Amino acid sequence: MYRPGKCKTPRRPGIKKASHTEKDPVGVYCRIRPLGADNEECCIEMISNSTIQLHAPDGLKANRNGEFKETQYSFKKVFGINTTQMELFEEVAKPLVEDLIQCKNGLLFTYGVTGSGKTFTMTGSPGEGGLLPRSLDMLFNSIGPFQAKRFVFKPDDKNGIDIQNDVDALLERQKRDTQPLVPKTPSSRQKADPEFADMISPQEACKAENVDEDCCYSILVSYVEVYNNYIYDLLEDAPFDPIRPKPPQSKILREDQNHNMYVAGCTEVEVKSTEEAFEVFWKGQKKRRIANTQLNRESSRSHSVFTLKLVQAPLDADGDNVLQDKNQVNVSQLCLVDLAGSERTSRTRAEGSRLREAGNINQSLMTLRTCMEVLRENQMCGTNKMVPYRDSKVTHLFKNYFDGEGKVKMIVCVNPKADDYEETMLVMRFAEMTQEVEVARPVDRPICGLAAGRRQRNQAFRDELSHRLDDRGALCNADDAALLNQLIEHFPPMPSCELVDPGDDQTLPRLIEVLEKRHHIRQLMAEQFNKAANMLNSMLQQFDGQLGNKENIIQDQQSKLSERDKVIINQKTELERLEKKSKTLEYKIDILQKTTDLYESDKRSLEQELETRAQKLQQELSERRRMEQHMQGMVTDAKLKWEKECERRVNAKQLEMQNKLWVKDEKLKQLKAIVSESSRGSSSSTERPEKPERPSRDRDRKYGQKRSASPSPPAQQINPVHRRSHSAGGEKWVDHKPSSNVDLGTVMQPIIPNAIQVSSPSEKALSKCHKYVLRHQELASDGEISTKLIKGNVFRTRSGGQSVEFTDVETLRQECPTAPSRKRRSGSAEAPHNKEDQENWAPVASTSAALGHQKRRKP
């Protein structure tokens with residue numbers, strides 16, 4: 001992570017890349033592994049060739065409501081349990097190999113939980129070769145005849161390629177052949193290495209089309225692993241020391257001059273056949289870290305990266321050797337990545353180093369997920385957030401691919417068993433998010449300026465020349481041999497050259513004669529040779545003329561071919577445009593299909609929710625109607641009850657007001673009677689002097705202080721006051737019951753024998769009786785009506801009228817046992833007991849005695 005506090009080495013300005021407006025989404029495929037047993041519960045269902053559906057297993061609540069929610073996920077293509085390795089290769093890896101030959105980079109990695117079949121998909125097994133051996137086989141089948149000699153292309157230490165001439169390459173080959181073998185580290189595995197012939201059958205071999213024959217090719221392979229966020233070289237031949245073994249040294253990532261990431265010091269092996277490349281791969285595979293866990297017997301504990309680097313350079317104008325121009329060398333690579341599976345330590349029960357490995361694996365996969373999220377956010381929202389590639393070695397190594405240096409594909413491997421449901425859900429969400437990330441489409445390689453078909457024309461010229469020379473050379477050699485044999489036969493034999501006598505004059509002349517003959521024969525041979533040379537020169541001139549004519553014809557054909565090439569290029573451009581348009585339309589159709597599926601699912605869910613809400617609304621309406629009816633009944637009952645209560649209270653209030661008016665009327669009548677009595681007394685005193693005089697004022701004041709609220713005449717009583725016990729005897733009563741009284745309908749009613757019932761008192765009724773009782777009703781404090789029986793004695797006044805002296809008051813009160821009292825009672829601790837007794841008792845009449853002469857209780 002970049003820290004502002006530290007200084008950073010200034011970065012060299014890189015080569016400006018052409019801006020690409022066209023982008024392709026990351027191709028995400030899904031492969032479903034078969035179940036281990038037939039009776040296992042399956043949580044994945046393949047809906048179509050591009051959609052799968054996840055079912056929550058039994059006993060697992062997938063959401064808060066406890067309902068089982070089914071989720072669908074779409075991919076570019078879904079491979080079921082019956083998919084073969086060949087079908088998977090044809091769909092996913094074969095286009096990447098074809099792009100590799102066309103100088104385009106590619107990245108293919110497998111992703112999934114532990115035990116989902118990632119390593120099997122990438123490597124395979126005998127008889128079922130995976131993507132890696134099939135990619136090697138297709139690559140060598142395509143470029144096998146056009147490979148350069150070993151060590152013509154030599155990698156440097158800065159992720160570049162140097163071109164060597166034939167002499168240097170030959171010296172390198174001789175040095176390699178004479179180099180002693182490095183002692184290998186002994187392997188603890190007893191199983192033999194698989195042969196490539198056992199992985200792929202000859203019937204499944206495939207070959208790429210449109211391979212440029214005017215180039216020389218060479219393949220370099222490397223194999224590294226990322227273990228605990230450290231990079232290790234699996235092809236490094238480190239000497240093994242049994243006494244003091246050294247741990248492998250980790251490698252570092254560097255950036256080359258083109259700003260591409262590479263592993264510094266990584267071993268790159270040049271291979272010339274499929275068998276050799278697979279042997280190198282298996283050599284590194286044996287060093288890869290695997291372990292036995294609770295979920296997988298051979299669980300990969302590291303991320304492996306197998307890189308195929310294809311180097312190609314054009315031939316020279318003659319078509320014989322590689323063009324010695326480093327700028328014309330094109331390097332493309334295909335990375336096959338087998339990511340370690342994510343796992344939960346609660347299920348694997350990992351401890352110690354296994355726990356640390358699982359933590360680093362999950363952390364690196366989380367970093368990959370974070371990078372994808374930031375890339376998607378930057379592309380969809382137009383932001384420019386920094387992608388955290390450097391947080392993990394895996395993402396840092398492949399950052400160039402996501403920045404537009406090649407095509408990216410991912411195979412999501414899933415295990416349909418119910419135990420992996422939660423982990424599979426996380427994998428599906430990551431895959432769904434990755435499909436929304438777009439990668440810039442790589443540019444096509446520059447076209448070499450040399451004429452096409454150089455290798456083929458050179459080979460054809462060599463074959464034709466050798467054929468012609470063979471034909472001509474056979475005849476010439478036969479004639480020359482016959483002529484040479486004939487000339488040798490006609491040569492005169494050499495005489496004896498030994499001189500015995502100084503005077504010998506015969507030997508030298510014979511020798512001179514023989515030598516002259518031989519000289520003549522040699523001249524004849526020179527003439528024959530000159531004739532043959534002249535004939536050969538004429539033939540060569542003829543060949544040159546024919547060759548010139550053929551060159552002219554070839555130039556005409558080349559011009560025609562160039563025109564046709566232009567037409568083909570235009571057609572290819574149009575085809576590419578149509579293919580891009582078709583892909584764009586297919587992509588839009590897929591997006592629209594996904595959107596339609598989402599809308600349909602939303603529509604179904606909304607319809608279900610609408611139906612549910614309609615049912616709830618119907619239930620609420622019915623409940624509301626029932627409550628309304630119930631409340632209407634209650635309101636009606638309460639209305640009736642309160643109407644009766646209001647009527648009762650109004651009647652009671654009217655009765656009380658009438659009683660008050662009656663009391664006032666009685667007071668006025670008594671006052672009127674007193675006034676009339678006083679006037680009569682004064683007149684009688686003047687007429688009758690024998691009667692006693694009216695008491696003095698002092699006596700009036702004395703008696704006035706003892707009067708009750710209802711005025712009574714100050715005259716003396718004629719009849720003495722009887723005792724209370726006589727009220728129940730044979731005396732007559734005036735029962736005064738006003739018409740405004742309410743009939744309570746109680747059990748206990750005041751029954752007075754020998755009573756004259758009147759609604760208003762009169763002198764006639766009072767003159768016939770000795771007792772007087774008034775039934776007075778009033779509203780008590782608790783809201784109940786209490787009846788008071790105001791009793792008094794009737795006596796005659798001196799003036800001849802009738803007067804009532806109120807003696808006591810009896811109260812009849814009705815109490816409801818269940819009604820709470822509005823007034824809190826004060827009393828002793830026996831109050832609750834008395835209250836309970838009052839609730840069980842019948843209505844009781846209470847009696848109050850008179851306090852004095854002519855004094856009554858105020859009603």
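Residues numbered from 1 in each chain as written. Predicted model: local features only at pLDDT ≥ 70, side-chain atom pairs only at ≥ 80, totals over all residues. Heavy atoms only, no water.

This next bit is on the overall build of the protein chain. Along the backbone of the protein chain there are 16 helices and 29 strands. Counting only residues that meet the buried cut, the protein chain has 34% of its 859 residues in that class. The contacts in the protein chain between residues at least 6 apart in sequence include a share of 71% that link residues at least 24 apart. Total accessible area on the protein chain is roughly 55,100 Å²; 51% of this is exposed by carbon and sulfur atoms. (Helix = DSSP H or I, 4+ residues; strand = E, 2+ residues; numbered from the N terminus. Buried < 20%, exposed > 50% of the residue type's maximum accessible area, 1.4 Å probe, protein only. Contact = heavy atoms within 4.5 Å. Areas by Shrake-Rupley, 256 points an atom, 1.4 Å probe, with all protein chains shown as cover.)

Attention shifts here to the environment of Ser-74. Summarising the element assignment, Ser-74 is placed in strand β5 (residues 71-74). Taking the relative accessible area as the measure of exposure, Ser-74 reaches 21% and is therefore partly exposed. If near-sequence neighbours (up to four positions away) are discounted, Ser-74 is found in contact with Ser-50, Thr-51, Gln-435 and Lys-594.

This next bit is on a nonpolar patch on the surface. Judged by side-chain polarity, Phe-461, Leu-465 and Leu-547 come together as a nonpolar surface patch covering roughly 250 Å² of accessible area. Positionally, Leu-465 belongs in helix α12 (residues 454-490). Given the relative accessible area of 39%, Leu-465 is considered partly exposed. (Patch = residues over 30% accessible without salt bridge, like charges linked within 9 Å, V, L, I, M, F, W, Y side chains within 5 Å. Salt bridge = Lys/Arg side-chain N within 4 Å of Asp/Glu carboxyl O.)

All right, on to the pattern of salt bridges then. For the structure on display, the rule yields 30 salt bridges. Taking the shortest distance from any N to any O, the salt bridge between Asp-99 and Lys-407 comes out at 3.3 Å. Of this pair, Asp-99 sits in helix α1 (residues 85-101) while Lys-407 sits in strand β22 (residues 407-414); the two residues are 308 residues apart in sequence, bridging distant segments of the chain. Arg-626 is paired through a salt bridge with Glu-623; the nearest N and O atoms lie 2.2 Å apart. With Arg-626 and Glu-623 both in helix α13 (residues 507-687) and 3 residues apart, this pair spans about one turn of that helix. You can call Arg-626 partly exposed: its relative accessible area is 46%.

Despite not being glycine, Cys-103 shows a phi value in the positive range, around 65°. Within the secondary structure, Cys-103 is located in the loop between α1 and β7 (106-112). Taking the relative accessible area as the measure of exposure, Cys-103 reaches 15% and is therefore buried. Unlike most non-glycine residues, Asn-159 shows phi in positive territory, near 65°.

Turning our attention to the packing of aromatic side chains. Summed over the entire model, instances satisfying the criterion amount to 10 aromatic pairs. A ring pair is formed by Tyr-223 and Phe-306, whose centres lie 5.4 Å apart and whose planes are at 80°; its orientation type is edge-to-face. Remark: Phe-306 occurs in strand β20 (residues 303-314) and Tyr-223 occurs in strand β12 (residues 215-227); sequence separation between them is 83 residues. The pair formed by Tyr-223 and Phe-306 is uniform in burial state, with each residue classed as buried. (Phe/Tyr/Trp six-rings, centres within 6.5 Å; stacked < 30°, edge-to-face > 60°.)

Before going further, it helps to examine the pairing of strand β2 (residues 27-32). Regular strands place their side chains on alternate faces of the sheet. Among the 6 residues that make up β2, 6 are buried, leaving the element largely enclosed by the rest of the structure. By the alternation rule, side chains of β2 split into Gly-27, Tyr-29 and Arg-31 and Val-28, Cys-30 and Ile-32, which are all buried. Sheet analysis places β2 next to β22, joined by 6 bridges and oriented parallel. When the bridges of β22 are listed, Gly-27 appears paired with Lys-409. As paired elements, β2 and strand β6 (residues 77-79) share 3 bridges and run parallel to each other. Among the inter-strand pairings, Cys-30 is bridged to a residue of β6, identified as Val-78. (Pairing = 2+ DSSP bridges.)

If you trace the 3 strands from one edge of the open sheet to the other, you get β3-β4-β5, paired in antiparallel fashion. Each end of this open sheet is capped by a strand with a single partner; those strands are β3 (44-48) and β5. Here the strands of the sheet are splayed against their neighbours by 30° on average, with no regard to which way each runs. Taken together, the 4 bridges between strand β4 (residues 51-54) and β5 define a ladder with antiparallel strand orientation. Its bridge partner being in β5, Thr-51 is matched across the sheet by Ser-74. (Axes fitted to C-alpha atoms, helices over the stretch in contact; angles between N-to-C directions.)

This part covers the side chain of Lys-309. Relative to the helices and strands, Lys-309 resides in strand β20. Within the structure, Lys-309 has its side chain in polar contact with the side chain of Glu-268 (distance 2.8 Å). (Polar contact = N/O pair within 3.5 Å; in protein donor to acceptor, adjacent residues only side chain to side chain.)

Take the nonpolar core next. One finds Ile-52, Phe-75, Leu-107, Phe-398 and Met-428 to be the most contacted residues of the largest nonpolar core, which totals 55 residues. Discounting chain neighbours no more than four positions away, the residues touching Phe-75 are Val-28, Tyr-29, Cys-30, Ser-50, Ile-52, Met-428, Ala-431 and Gln-435. Residues Val-97, Tyr-223, Leu-234 and Ala-277 belong to the second largest nonpolar core, which totals 45 residues. (Core = buried A, V, L, I, M, F, W, Y, C linked by side-chain atoms within 4.5 Å.)

Next up on the list: the packing of helix α3 (residues 131-143) against helix α6 (residues 274-285). Contact pair α3 / α6: the axes reach a minimum separation of 9 Å and the direction vectors enclose 150°. When the axis of α3 is compared with that of α6, the two are roughly antiparallel. Seen from above, α3 lies across α6 with right-handed handedness. Residues Leu-132, Pro-133, Leu-136, Asp-137 and Phe-140 of α3 touch α6, and the partners they reach there are Thr-274, Ala-277, Phe-278 and Phe-281. Grouping the amino acids of the contact of α3 with α6 by side-chain chemistry returns 7 nonpolar, 1 polar and 1 charged. (Parallel < 35°, antiparallel > 145°, perpendicular 65-115°, else oblique. Left-handed = near helix turned anticlockwise from the far one by under 90°. Nonpolar A, V, L, I, M, F, W, Y, C, P; charged D, E, K, R; others polar.)

This paragraph deals with helix α8 (residues 353-381). Over its 29 residues, α8 extends 42 Å from the first C-alpha to the last, a length consistent with the 42 Å expected when each residue adds 1.5 Å. Every buried residue of α8 is accounted for by Glu-357, Ala-358, Ile-361, Ser-364, Leu-365, Thr-367, Leu-368, Cys-371, Met-372, Val-374, Leu-375 and Asn-378. Looking one or two residues beyond α8, the residue adopting positive phi is Gly-382, at roughly 75°. (Expected span 1.5 Å × (residues − 1).)

This paragraph deals with the environment of Ile-143. Assignment of secondary structure puts Ile-143 in helix α3. Relative accessible area serves as the criterion here: at 0%, Ile-143 is assigned to the buried category. Sequence separation of Ile-143 and Ile-219 is 76 residues, and the distance between their C-alpha atoms is 9.6 Å. In contact with Ile-143, not counting residues within four places along its chain, are Val-211, Tyr-217, Ile-219 and Leu-310.

Let us now look at the confidence of the model for the protein chain. Here the protein chain averages 78 in pLDDT, and 76% of its residues register 70 or above. Here residues 686-728 is modelled with pLDDT under 50, and outside its nearest four sequence neighbours on either side it reaches 52 contacts, counting other chains as well. (pLDDT = per-residue confidence, 0-100.)

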